[in-house]
Amino acid sequence: MMRYCLLILLVSTLFLSAGAQNKFDKEFYIGAKGGVTFSQVRFYPNVEQHVFQGKSAGLMLRMISEPHIGIQMEFNYMQKGWQEKPFAETSPDYYYHSLTYFEVPVMTHVNLGKRAVRFTLNLGPSVAFLVDDEQGVKPSGTYPDESVTSGEQYWNEPIKSKFDFLFTGGLGMEVRMKKAGILALEGRIYYSLPNLFDSDLYRYKSSQSNGALVTLAYLFRLDRKK
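So, how was this worked out
Residues numbered from 1 in each chain as written. Predicted model: local features only at pLDDT ≥ 70, side-chain atom pairs only at ≥ 80, totals over all residues. Heavy atoms only, no water. Helix = DSSP H or I, 4+ residues; strand = E, 2+ residues; numbered from the N terminus. Buried < 20%, exposed > 50% of the residue type's maximum accessible area, 1.4 Å probe, protein only. Contact = heavy atoms within 4.5 Å. Areas by Shrake-Rupley, 256 points an atom, 1.4 Å probe, with all protein chains shown as cover. pLDDT = per-residue confidence, 0-100. Phe/Tyr/Trp six-rings, centres within 6.5 Å; stacked < 30°, edge-to-face > 60°. Lys NZ or Arg CZ within 6 Å of the ring centre and 35° of its normal.

Caption draft 1: A look at the overall build of the chain. When you go through the chain residue by residue, the secondary structure sums to one helix and nine strands. A total of 226 residues make up the chain; the buried ones form 38% of that total. Counted over contacts in the chain with a minimum sequence separation of 6, partners at least 24 positions apart contribute 69%. Carbon and sulfur atoms form 64% of the exposed surface of the chain, whose accessible area is close to 13,600 Å².

Caption draft 2: Structural detail: the confidence of the model for the chain. The predicted model of the chain averages 83 in pLDDT, with 83% of residues at 70 or higher. For residues 1-21, every residue scores under 50 in pLDDT, and the model assigns this stretch zero contacts once sequence neighbours within four places are set aside.

Caption draft 3: Quick peek at the packing of aromatic side chains. Counted according to the given criterion, the structure contains six aromatic pairs. Each ring, one from Phe43 and one from Trp82, has its centre 5.3 Å from the other, and the planes form 75°; the classification is edge-to-face. Note that Phe43 is positioned in strand β1 (residues 27-44) and Trp82 in strand β4 (residues 69-84), a separation of 39 residues in sequence. The class of Trp82 is buried, set by a relative accessible area of 0%. Ring geometry for Phe43 and Tyr204: centres 4.9 Å apart, planes at 55°, overall tilted. Within this pair, whereas Phe43 is found in strand β1, its partner Tyr204 is found in the loop between β8 (181-192) and β9 (206-221), the two being separated by 161 residues in sequence. Residue Phe43 shares its accessibility class with Tyr204, and that shared class is buried. Here a set of aromatic residues connected by ring pairs shows up, and it is made of Phe43, Trp82, Tyr95, Phe197 and Tyr204. The positively charged end of Lys80 is found above the aromatic ring belonging to Tyr101, 4.7 Å away from the centroid. Taking NZ or CZ as reference, Lys138 lies 4.8 Å from the ring centre of Tyr96, over its face.

The following block contains the structure:
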């Protein structure tokens, strides 16, 4: 038993010595991003919907503290919501609800590869604050009467809370240019935990937003050695 303990201690010492000899210089990046969001709301009971398309833009801060691993923090403007199917087969009108948030995700960042092209993984929580709430009917702008539709009871009603808490995860690819920074393409999914509407006031027991976004970002390194 003592031999195994000594062997484990020796191997651990060798690994620690190797790590001390290969000190990693931290990398700091700042950048900007923009893209498109695709979202819906998971209602229960179900509501027939089309995918709602919005916009996303923001600033990024990234610190690589270990080889290929770091933290990425963002300050984003993001539109999400839902768009219902037309009120009737003969009518083009549909109800939409657009929600604009200021979002701050804090994620673990992983990049795989040692060459100019690398694959990336971003995963972590996000908090968001509602800054704009818009709803209506397109294209005519006129709400139908109950003979045309069931008359959803949340129409013209406010969202339960201005705060949102999400889990986000994204896969992407980036190209590292020696003196021109990083160009990164990412696809990300998100899922909100809070309900949009109070389940005690409306017939929907759940009303959680979820969706995906595709963004293109550019980052440059702040601590580049001369």
